[in-house]
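Coordinate inspection notes
Each chain, letter by letter, is given below.
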Amino acid sequence: MNYLDNLNPAQKAAVLDTEGPVLVLAGAGSGKTRVLTSRIAYLIDEKHVSPDRILAITFTNKAANEMRERLISLVGDSAYVMWISTIHSMCVRILRACADKLDGYDKNFTIYSEVDKEHVIKRIISDLKYEDLPVKEAKYHISNAKNKDISPDRYAIEGANGDRNFDKYVKVYSVYEQTLKKSNAFDFDDLIVKALHLLRSDEDVLSYYADKFLYIHIDEFQDTNSTQYEIAKLLSSVHNNIFVVGDDDQSVYGWRGAEIKNILHFDKDFRTTKVHKLEQNYRSTKKILDLANTIIKNNSVRSKKVLWTDNPDGEKVEYFSGEEESNEAEYVCARIKNLVARGYEYKDFAVLMRINALSRSYEQEFTKYGIPFKVFGGFKFFERKEIKDITAYLRILVNPLDDEAVIRIINTPKRGIGDKTIETLLSYAQSYNFSVFDALCEVDMIPDLAPSARSRLKEFRTCISSLTMLSATSESLTDLINEVLVKTAFMSQFEIDTEENVSKRMNVDEFRNSVEEFVKLNPSATLEDYLSSVTLSSDIDEADSSDYVTVATIHAVKGLEFKCVFIVGLDEKIFPVSRANNELSEMEEERRLMYVAITRAQERLYLTRARSRYLYGERQGTVQSRFVKELSEKLGLPDDRPQRNSYENDVYRSYRSNDYDSAPRSTVSFGGSVSSFAKSYTSRSNAKVGKAPSSFEAYKPGKRVRHAKFGVGTIIQIKGSGQNTIADIAFKGVGVKSFSLAIAPMELLD
DNA sequence: GTGGGAGACATTTTT
DNA sequence: TGTCTCCCAC
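Below is a summary of the structure that appears in this document. Computed from a prediction, not measured in an experiment: that's the story for all the values here.

**Comments concerning the overall build of chain A**
- Assigned secondary structure in chain A consists of 29 helices and 20 strands.
- Out of the 750 residues belonging to chain A, those deemed buried represent 55%.
- Looking at chain A as shown, the accessible area adds up to about 33,200 Å², and 50% of this sits on carbon and sulfur atoms.

This is how it looks when you write it as structure tokens:
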């Protein structure tokens, strides 16, 4: 078998060890995905295991799709019937098949996203008159309890933590549970917990699945929580063939209930476990791996292993400290442009950050420099208001008990149903234990409603009923959505041509495209299937192979690799994040995250920070991240330099245009012109202390310029003003490019 | 019931 | 900075 020939002895041993519990401790870049796919192929090819009796759990949908693709190329189309998915998708599949065996639920349940969840909690808090209760905390308590499978009653006793509001949180949790049940809805945590309950409580269900899956595989095992682990134990209880792969050093989901002890103590739970260690890294250069090992050494809780590689030494890892976040981003742009000119493609680059909020300066600078990019993490497409609103209509058609969806769109688009009317409707529903939709069906019975409100509610009900009829008869999902848009006059909200409305209309269009795409790929899929896939999709799943720079949080790129990686925002309070200061375990998770970030890089690695940032509406000085300090010897940075944290100092220093904390100046070139880079510092700082920014009035359409890289060109268009002046310039043989006049290395000729 | 303006407040990471 | 909530005028 040629797929076995490509494995090293340690990998091969893991692949061939098919029977019983197996734990593979696989360092970053040690080929764990290859081991997983080779093993599954081996089971099918050599052991003649039927593909539908193999289960593989991955961490993202993207990873699942990729694994399926690889397996199709190894074993052919039989890979289609294999269960390869995230644990959440697997649970949905089980629940869609037998949720009706759980008391009070049905197979056409809705999955509530984080946004839905938040709305429900907000409403509960205000109903209970707990006005001051923070929604975020309530969310945390509920999730925390569910991740450990603790009911509200038990949480009241076991979860007590001395918080004076604790009893209120328990009450909110309890009402939340009832509310979701009444709505025939599951949140993300429920998908796992309720599937677990189902497997525990119904012997038929358990024996069906536990018998079905002869071989179970779990990737990224270090990030499973206790309920997920329970499901794995139950599913493997008949055949006992459970194969888990993970790396305790890459456990970065502790905040979501992931238990690092699941992997550290796996062999205690499964007594006959055979352990394999993969310690050879195939991904990164020696210099990059050296940094990774240096960082992770500082953690105390870990199983001892040291990654090594046969790869070449590679390029020196660069460190850059910018004056402000825009300069940090400019540095990244310059590096990318430079490397692209030397043969790299845009898709070889990733800009990784601890928090989503940092992505903005990269969006701006990349746009300015014409660098194609995609931002992952942060606001998801399907969580945008206009998209959530459309899907809410679809949700009602599938599950009329979905109160959250009904409340969401009862007055969207505006149809004159105000808060007062909605409140009356809700309390009527509540008093008879009806769903909101049920209450709508007997509008005439509701007391205290103005005649106008009554007729508007009826109108809304008629609208939904006619859509329900349509959903039963319409030919395709696409037709149905178009009908929804027409019948509800949905687009009328965005008629006026404001910038915002134009973008909303575009989003709706994009949404229709996504539906069409989905229908094409899954011809037999139902509306339920579409809605669950939308809710469960993460945006990294949307990553494709076209040529763009990836801008993402570190969490989002777990499991991926890039030739060149920028780890940006290396400031205290950003990375490590400010809240991590309290506990050692939190700080160690931050450090593991840094380890994950470093080990994404194959060939080149850049670490950057900014000495001041715009945060919370004001500019603040920052302090260099401790992680840079932990690496300073390896990076060749002088140690023990007193740390500055005063913004005043930074402004003063900017006039000296010293771009670096301490790295040698020669490591950077900016589009071939250091002076233009320095110029941008002075002018920006000027703008900030209130002096008039230098203007670029002499740059007008028709005038000619000379650019350091593209040569002579002609200005076509000028946009913006002052420091934000952007020029579109045509170059012979190059085409039209956009530049910021404040930064671009060029001079006016005419 | 709607819409605009003032003021408060926020940023961890995601299936 | 940008989003959300509250309050007031229509």
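**Some thoughts on the side chain of Thr58**
- As for its position among the elements, Thr58 is in strand S2 (residues 54–58).
- The class for Thr58 is buried, based on a relative accessible area of 3%.
- Residues in contact with Thr58, not counting those within four places in the same chain, are Ala63, Ala64, Met67, Ile84, Ser85, Thr86, Ile87 and Asp219.

**What about the layout of surface pockets?**
- In this model, the second largest pocket occupies a volume close to 1,800 Å³.
- For the lining of the second largest pocket, the secondary structure elements donating two or more residues are helix H4 (61–75), strand S3 (83–86), helix H5 (87–98), helix H24 (499–521) and helix H25 (527–536).
- Considering each element in turn, the lining of the second largest pocket owes the most residues, eight residues, to H4.
- Split into classes, the residues belonging to the lining of the second largest pocket amount to 17 nonpolar, twelve polar and ten charged.

**Structural notes on the protein's contact with DNA strand B**
- In the vicinity of DNA strand B lie 25 residues, with Arg354, Asn356, Thr421, Ser538 and Arg579 positioned nearest.
- For DNA strand B, the fraction of protein-proximal atoms (within 4 Å) that sit in sugar or phosphate groups is 59%.
- A distance of 3.1 Å separates a base oxygen of DNA strand B from a polar side-chain atom of Glu114.
- Side-chain polar atom of Lys136 to a sugar or linking oxygen of DNA strand B: 3.4 Å apart, as the coordinates give it.
- Residues of the surface near DNA strand B, tallied by class, amount to seven nonpolar, ten polar and eight charged.

**Side note on helix H3 (residues 32–45)**
- With 14 residues, H3 should reach 20 Å at 1.5 Å per residue; the first-to-last C-alpha distance of 20 Å fits that figure.
- Where burial is concerned, most of H3 is hidden: eleven out of the 14 residues are buried.
- Residues Lys32, Val35, Leu36, Thr37, Ser38, Arg39, Ile40, Ala41, Tyr42, Leu43 and Ile44 constitute the buried set of H3.

**Some words on the protein's contact with DNA strand C**
- Around DNA strand C, the neighbouring residues are Lys122, Arg360, Tyr614 and Gly617.
- Within 4 Å of the protein, the contacting atoms of DNA strand C are drawn from sugar and phosphate to the extent of 44%.
- Lys122 has a polar side-chain atom sitting 3.4 Å from a phosphate oxygen of DNA strand C.

**Some words on the packing of helix H10 (residues 188–201) against helix H11 (residues 203–212)**
- At a minimum axis distance of 5 Å, the contact between H10 and H11 shows a crossing angle of 100°. With respect to their mutual orientation, H10 and H11 come out roughly perpendicular. For the pair H10 and H11, contact is made by Leu198, Leu199 and Ser201 and by Glu203, Val205, Leu206 and Tyr209, respectively.

**Some thoughts on the nonpolar core**
- Leu394, Leu425, Leu440, Leu457, Phe460, Phe511 and Tyr530 are the most contacted members of the largest nonpolar core, which totals 49 residues.
- With eight residues, helix H18 (residues 385–398) is the largest single contributor of residues to this core.
- Excluding anything up to four places from it in sequence, Phe460 contacts Val406, Ile409, Ile410, Arg415, Ile417 and Leu440.

**Quick word on the environment of Glu589**
- On the secondary structure map, Glu589 appears in helix H26 (residues 584–598).
- Sequence-wise, Glu589 and Trp255 are 334 residues apart; in three dimensions their C-alpha atoms are separated by 9.3 Å.
- Sequence-distant contacts of Glu589, that is, excluding residues within four places in its chain, are made with Ser251, Val252, Tyr253, Gly254 and Trp255.
- Side-chain polar atoms of Glu589 contact the backbone nitrogen of Gly254, separated by 3.0 Å.

**Let's talk about the pattern of salt bridges**
- Counted under the stated rule, the structure contains 49 salt bridges.
- We note a salt bridge from Lys274 to Asp17, for which the minimum N-O separation is 3.1 Å. Pair noted here: Lys274 is in strand S8 (residues 274–278) and Asp17 is in the loop between helix H2 (9–16) and strand S1 (22–26), with a separation of 257 residues, a long-range link.
- A salt bridge links Lys233 to Asp269; the nearest nitrogen and oxygen atoms lie 3.7 Å apart. Taken together, the residues span a long stretch of sequence, with Lys233 in helix H12 (residues 226–235) and Asp269 in helix H14 (residues 266–269) at a distance of 36 residues.
- Look at Lys233 and you get partly exposed, because its relative accessible area is 27%.

**Some words on the environment of Leu74**
- Tracing the sequence through the fold places Leu74 in helix H4.
- Spatially, the C-alpha atom of Leu74 lies 37 Å from that of Arg591, the residues being 517 residues apart in sequence.
- Excluding residues that lie within four positions of it along the chain, Leu74 makes contacts with Tyr3, Thr37 and Ala41.

**Things to note about the sheet that holds S2**
- In spatial order, the strands read S3-S2-S6-S7-S1-S8; together these six strands make up an open sheet with parallel pairing. Taken across any chain shown, the strands that pair with only one partner, and hence form the sheet edges, are S3 and S8. Taking the axes of each pair of neighbouring strands and ignoring which way they run, one obtains an average angle of 15° across the sheet.
- With four bridges connecting them, S1 and strand S7 (residues 242–246) associate as parallel partners. Within S7, the residue paired with Leu23 across the bridge is Val244.
- Sheet strands in contact with H5 are S2 and S3, and its direction is about 115° off that of S3.

**A closer look at the environment of Arg611**
- In this fold, Arg611 is placed in strand S14 (residues 601–615).
- Residues Arg611 and Glu318, 293 residues apart in the sequence, show an inter-C-alpha distance of 17 Å.
- At 2.9 Å, the side chain of Arg611 and the side chain of Glu323 are in polar contact.

Cut-offs applied
- Each chain has its residues counted from 1, running along the sequence as written.
- Think of it this way: whatever chain is written first is A, whatever ligand is written first is 1, and the rest follow in order.
- A pLDDT threshold of at least 70 governs which residues receive local features in this predicted model, and a stricter bar of 80 or more applies before side-chain atom pairs are shown or counted, although totals over entire chains, interfaces and linings include all residues.
- Computation of side-chain values: all heavy atoms of the structure, hydrogens and water removed.
- Note on conventions: DSSP H or I runs of at least 4 residues are helices, E runs of at least 2 residues are strands, and numbering of each starts at the N terminus.
- Note on exposure labels: buried denotes an accessible area under 20% of the residue type's maximum, exposed denotes more than 50%, and partly exposed covers the range between, all computed with a 1.4 Å probe on protein chains only.
- Note on areas: Shrake-Rupley, 1.4 Å probe, and residue coverage restricted to the protein chains presented here.
- The criterion used for residue contact is that any of the two residues' heavy atoms lie within 4.5 Å.
- The distinction between a cavity and a pocket rests on a 1 Å grid over the protein atoms alone: a 1.4 Å probe fits inside a cavity but cannot get out, while a pocket stays open yet meets protein on both sides within 12 Å along at least five of seven lines, and a residue with an atom within 4 Å of a point counts as lining.
- Grid points are joined across faces, edges and corners, and a volume is the space filled by probe spheres set on the points.
- For this classification, the nonpolar set comprises Ala, Val, Leu, Ile, Met, Phe, Trp, Tyr, Cys and Pro, the charged set comprises Asp, Glu, Lys and Arg, and every other residue, Gly included, is treated as polar.
- One heavy atom within 4 Å of a molecule or strand makes the whole residue count as near it.
- Polar contact is defined as a pair of N or O atoms within 3.5 Å, subject to the rule that within protein one atom must be able to donate a hydrogen and the other to accept it, and that residues adjacent in sequence are counted only when both atoms are side-chain atoms.
- Take the number of residues in a helix, subtract one, and multiply by 1.5 Å to get its expected span.
- Angles shown run from 0 to 180 degrees and are taken between the N-to-C directions of axes, each axis being a line fitted to C-alpha atoms and, for helices, limited to the stretch in contact.
- Relative orientations are named as follows: roughly parallel for angles under 35 degrees, roughly antiparallel for angles over 145 degrees, roughly perpendicular for angles from 65 to 115 degrees, and oblique for any other angle.
- In this description, a nonpolar core means a group of buried Ala, Val, Leu, Ile, Met, Phe, Trp, Tyr and Cys residues linked to one another through side-chain atoms lying within 4.5 Å.
- Any carboxyl oxygen of Asp or Glu within 4 Å of a side-chain nitrogen of Lys or Arg constitutes a salt bridge here.
- Here, a strand pair is defined by DSSP locating no fewer than two bridges between the strands.

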